[in-house]
Amino acid sequence: MSENNVRVMGIDAGGTMTDTFFVKEDGNFVVGKAQSNPEDESLAIYNSSQDALAHWNRTVDDVYPELLTCVYSGTAMLNRVVQRKGLDVGLICNKGFEHVLSMGRALQCYLGYALEDRIHLNTHRYDEPLVPLKRIRGVTERTDVQGTIVIPIREKEVRQVTRELVDTGSKAIVICLLQSHKNPTSERRVRDIVKDELKILGKADLPVFASADYYPSRKESHRMNTTVLEAYAAEPSRQTLQKVSDRFKKHGAKFDLRVMATHGGTISWKAKELARTIVSGPVGGVIGSKLLGEVLGYDNVACSDIGGTSFDMALIVKGNFTIAQDPDMARLVLSLPLVAMDSVGAGAGSFVRLDPHNHSIKLGPDSAGYRVGTCWADSGLDTVSVSDCHLILGYLNPDNFLGGQIKLDVERARAHVKQQIADPLGLSVEDAAAGVIELLDLELHEYLRSNVSAKGYSPSDFVCFSYGGAGPVHTYGYTEGLGFKDVIVPAWAAGFSAFGCACADFEYRYDKSVDLALPQFASDKEKVEACKAIQDGWEELIEKVVEEFVINGFKREDVLLKPGYRMQYMGQLNDLEIDSPIMSAKDASDWDKITAAYEKYYEMVYSESACSPELGFSVTGVIMRGYVATQKPVIPEEKEVGKTPSPSAKLGTRKFYRHKKWSEATVWSMEKLQPGNEVFGPAIIESDSTTFVVPDGFATTLDKHRLFHLRETK
């Protein structure tokens, strides 16, 4: 087996750029970049692949057949939900609850709003429901909170509403009944009747989704939203992924395409629960940060990712990231395990406007996306973006955007900034552009600081990783003065989320809500009963996990199982996710191990003094993960040379504007800088895929892993 063979590929298909990441057998890797193509993601991936492989003088026809694995992450599914361009779905619920989806949870009316908008009721609004009322039908049935069927299903009603939903043009049918996570009998009976009626109607190809089969968890709104999402957005997204997979095969690929899931593992694009991949790009960055942190020996990492449309951050504490059990996405509350992240709609492509009432600068939340800004003549845009300001100030090389594939026009950007921002504010074009960048940096700075502090930590306890296509441009601005232990910018920052995808395990995860409550000094009998309930839940989930791997050609014995659970002290509001210290739960001693593991993790997250065993323990859910071993990238390690860069690494100089003055910035080639090299600002380090800005008062050193360490010198 040749060390030059390419084995792993990662993809991050963002709203602005599509990044690809290729890893050779010996661990060497290369990053490619291309404009995203909402109409044909497979073409953008192909173009990005060609861009990457050109560095190795190879083509996709050479490399795709060599790949052992490829992991995709993207925003297509999320965009489909945001733009309301999903499948026409019909919904069957309990009679009398037909309006629940439209009403939603109260918090859905202000999700994604800034604080000043949240506190004013007249700014709240509800989005159009994914399923309109005309395609919602209720049937008589009631299961109580203990899981007892009080009113059984009326079969005639189910058949009648199925016919009605087909007549309204439903292309999929979702079933979500009250308390089905406690007792799925009624819901599954409805499912079987619906499928039988569809056969009679000659519509057997219509997919049917019962929430008990997909997301058997408490909280009806969350469960209903997530199951609807499975039909509305995930099923159409399979067509996109099918197209991507077909293009790979066209060029000789033999692997089965995997997709980054919200919980941090990867699943096949053929997986049953594809809605678990609704947000995948930012998750890839967190997975990559975790691996990089482990290699470097960093337990606490602040992950910061800036792309064209958003700034995403997450914290890795004691080597672990948090899993949010009931996250929100696209202003919907969901029942999906999601790597806990915080996001703000501000990125390098964000549109810049003046508030018509007070003339303050407003950034986003909409963005130029793949069209960059008015600086690109073919963009069709006439609204200024942050990228226009970058270009005016000398941050970007107009002839080297995407390695020169796109030529940017500085004068065109200046004209738009002058008309829309500078003249109305009575500023020079440079000061107006600089004001936009300073405002963005300040927003990100405060967002990062407040998110670390709000969780009870200090930045001085963390190393900050900065990545994303626009991360290196703004790293100095949003980290200045925060006091991080270290600030690190990977040389492959532009493709870091794709790198994270390549690091992720091939993993399926299933969750199930349970309700177990035991006092601190429970009897052995109570402990055994609790263990039985936990074990029964694990056994049920094991079957679902193994089934997914079997679909993908694996044998049951190939699958490594990893049980877990969610637990809290009785009376508390929030539970924690714990990796189980035992593989099976049977006797009283197993319960003691389960509670001991919970308390140990609780001490890490909060403090030992906060432990409250006297309240008793409550298990709220059981979790089962299954995974198989996969090829992963190796972090590069090169020999360090001296601090002084080689003259060949210097590309020249460029005018750079900051703090109301122009200065001469030295321009360096990122690829030609060597480990050990030290660069002092003002400097700009360029590659085809990103630009790293090191202003006056800062310096950076490249280490043996090709990681830039940014520090303040003033």
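Scoring rules and cut-offs
Residues numbered from 1 in each chain as written. Predicted model: local features only at pLDDT ≥ 70, side-chain atom pairs only at ≥ 80, totals over all residues. Heavy atoms only, no water. Helix = DSSP H or I, 4+ residues; strand = E, 2+ residues; numbered from the N terminus. Buried < 20%, exposed > 50% of the residue type's maximum accessible area, 1.4 Å probe, protein only. Contact = heavy atoms within 4.5 Å. Areas by Shrake-Rupley, 256 points an atom, 1.4 Å probe, with all protein chains shown as cover. Phe/Tyr/Trp six-rings, centres within 6.5 Å; stacked < 30°, edge-to-face > 60°. Core = buried A, V, L, I, M, F, W, Y, C linked by side-chain atoms within 4.5 Å. Pairing = 2+ DSSP bridges. Axes fitted to C-alpha atoms, helices over the stretch in contact; angles between N-to-C directions. 1 Å grid on protein atoms, 1.4 Å probe; cavity = no way out; pocket = protein on both sides within 12 Å on 5 of 7 lines; lining within 4 Å. Points joined across faces, edges and corners; volume = space filled by probe spheres on them. Nonpolar A, V, L, I, M, F, W, Y, C, P; charged D, E, K, R; others polar. Domains from an automatic or database assignment. Polar contact = N/O pair within 3.5 Å; in protein donor to acceptor, adjacent residues only side chain to side chain. Salt bridge = Lys/Arg side-chain N within 4 Å of Asp/Glu carboxyl O. UniProt positions renumbered as here; feature names shortened; annotations may be inferred. Parallel < 35°, antiparallel > 145°, perpendicular 65-115°, else oblique.

What follows is about the overall build of the protein. A count of helices and strands for the protein gives 17 helices and 35 strands. Across the 714 residues in the protein, those meeting the buried criterion constitute 59%. For the protein, restricting intrachain contacts to residue pairs at least 6 apart in sequence, the fraction spanning at least 24 positions comes to 68%. Only carbon and sulfur atoms are counted for the fraction: they give 50% of the accessible area of the protein, which is about 28600 Å².

This part takes up the packing of aromatic side chains. Evaluation of the coordinates by the stated rule reveals 29 aromatic pairs. Ring centres 4.8 Å apart and planes at 65° place the aromatic pair Y64 and F248 in the edge-to-face group. Here Y64, found in the loop between α2 (60-63) and β4 (69-74), pairs with F248, found in helix α9 (residues 220-250); they are 184 residues apart in sequence, far enough to count as distant. F248 carries the same exposure label as Y64, and that label is buried. For the ring pair F496 and F499, a centre distance of 5.2 Å and an interplane angle of 40° mean the geometry is tilted. Linking F496 with F499, this pair stays in helix α15 (residues 496-503), spanning three residues, or about one helical turn.

If you look at the biggest cluster of nonpolar residues, it comprises 162 residues, and the most contacted ones within it are F22 and F248. Element by element, the count of residues in this core is highest for helix α13 (residues 429-454), at 11 residues. L516, C531, L541 and Y601 belong to the second largest nonpolar core, which has 39 residues in total.

This part is about the sheet that holds strand β6 (residues 136-139). Pairing is parallel in the open sheet, where four strands are placed in the order β6-β5-β9-β10. Edge positions in the sheet fall to β6 and β10 (208-210), since each has one partner strand and no second. Averaged over all adjacent pairs, the angle separating strand axes in this sheet is 20°, with direction ignored. Inspection of the sheet shows strand β9 (residues 172-175) paired to β10 by three bridges, in the parallel sense. The residue of β10 that forms the bridge with I173 is V208.

Turning next to the sheet that holds strand β30 (residues 661-669). Pairing in this open sheet of four strands is mixed, and the strands run β29-β30-β32-β33 from one edge to the other. Two strands bound the open sheet, and with one partner strand each, they are β29 (650-658) and β33 (691-694). Mean inter-strand twist for the sheet, computed between neighbouring axes without regard to direction, equals 25°. Packing against the sheet, helix α14 (residues 471-479) makes contact with β29 and β33, and its axis sits at approximately 25° to β33.

Backbone torsion omega between G681 and P682 reads 5°, so that peptide bond is classified as cis. Take P682: it is sitting in the loop between β31 (678-680) and β32 (683-686). Even without being a glycine, Q179 presents a positive backbone phi close to 60°. Examined against the element boundaries, Q179 turns out to sit in the loop between β9 and α7 (185-200). Relative accessible area serves as the criterion here: at 16%, Q179 is assigned to the buried category. Phi at H359 is positive, roughly 60°, even though this residue is not glycine.

Our focus in this paragraph is empty space enclosed by the protein. For the coordinates displayed, the defined rule picks out seven cavities of 30 Å³ or more. What lines the largest cavity is a set of 14 residues, among which L101, Q108, D127, P129 and L332 lie closest to the centre. For the lining of the largest cavity, the secondary structure elements donating two or more residues are α4 (100-103) and α9. In this model, the second largest cavity occupies a volume close to 100 Å³. Surrounding the second largest cavity, Y72, G74, A76, M77, S237, T240, L241, V259, T277, I278 and S280 form its lining. Its residues assigned to classes, the lining of the second largest cavity comprises six nonpolar, five polar and no charged.

As a further point, take the layout of surface pockets. Roughly 580 Å³ of volume is contained in the second largest pocket. Along its surface, the second largest pocket is lined by 29 residues, and F29, V30, V31, E671 and R706 are the ones closest to its centre. If one sorts the elements of the lining of the second largest pocket by residue count, strand β3 (residues 29-35) sits on top with four residues. Of the residues assigned to the lining of the second largest pocket, the class counts are 12 nonpolar, eight polar and nine charged. No fewer than three residues from each of domain 2 (301-484) and domain 4 (637-713) sit in the lining of the second largest pocket.

Its place among the elements puts R7 in strand β1 (residues 6-13). For R7 and G564, which are 557 residues apart along the polypeptide, the C-alpha to C-alpha distance reads 32 Å. Looking at R7, its side chain comes within polar contact range of the main-chain oxygen of E66, at 2.8 Å.

Looking now at the pattern of salt bridges. For the coordinates displayed, the defined rule picks out 47 salt bridges. Between D511 and R509 there is a salt bridge whose closest N-O contact spans 2.7 Å. Across this residue pair, the class does not change: D511 and R509 are buried. Between D575 and R566 there is a salt bridge; the shortest N-O distance is 3.0 Å. Look at R566 and you get buried, because its relative accessible area is 6%. Within this structure, E507, R509, D511, K562, R566, D575, E577, D579 and R625 form a network of salt bridges that share partners.

Here, the residues flagged by UniProt with the feature "domain: Hydantoinase A/oxoprolinase" (unreviewed entry) are residues 223-509. Segment residues 223-509 splits into 38% helix and 20% strand. End C-alpha atoms: 16 Å apart.

Moving on, we get to α14. Burial runs high along α14: nine of the nine residues are buried. When α14 is considered as a whole, its buried residues turn out to be G471, P472, V473, H474, T475, Y476, G477, Y478 and T479.

Domain annotation for the protein reports domain 1 (88-170 + 172-205), domain 2 (301-484), domain 3 (507-628) and domain 4 (637-713). Inter-centroid distance (C-alpha atoms) of domain 1 to domain 3 is 30 Å.

Two numbers describe how helix α16 (residues 524-551) lies on helix α17 (residues 588-605): the axes approach to 8 Å, and their chain directions differ by 75°. By the angle between their directions, the pair α16 and α17 is classed as roughly perpendicular. From α16, D524, K527, V528, A530, C531 and I534 reach across to α17, where they touch A588, D590, W591, D592 and I594.

Once that is clear, we can look at the pairing of strand β34 (residues 698-702). Among the five residues in β34, four count as buried, and that is most of the element. The pairing of β31 with β34 spans three bridges and is antiparallel. Among the inter-strand pairings, V679 is bridged to a residue of β34, identified as T700. Linkage of β34 to strand β35 (residues 707-712), two consecutive antiparallel strands, is achieved through a turn of four residues, within which R706 is found at a positive phi near 60°.

Take E686: it is sitting in strand β32. Discounting chain neighbours no more than four positions away, the residues touching E686 are N397, N400, L651, R654, V667, W668, S669, M670 and E671.

This part covers the side chain of S49. Along the chain, S49 falls in helix α1 (residues 41-53). Excluding residues within four positions of it along the chain, S49 makes contact with M9, T20, F22, V60 and Y64.

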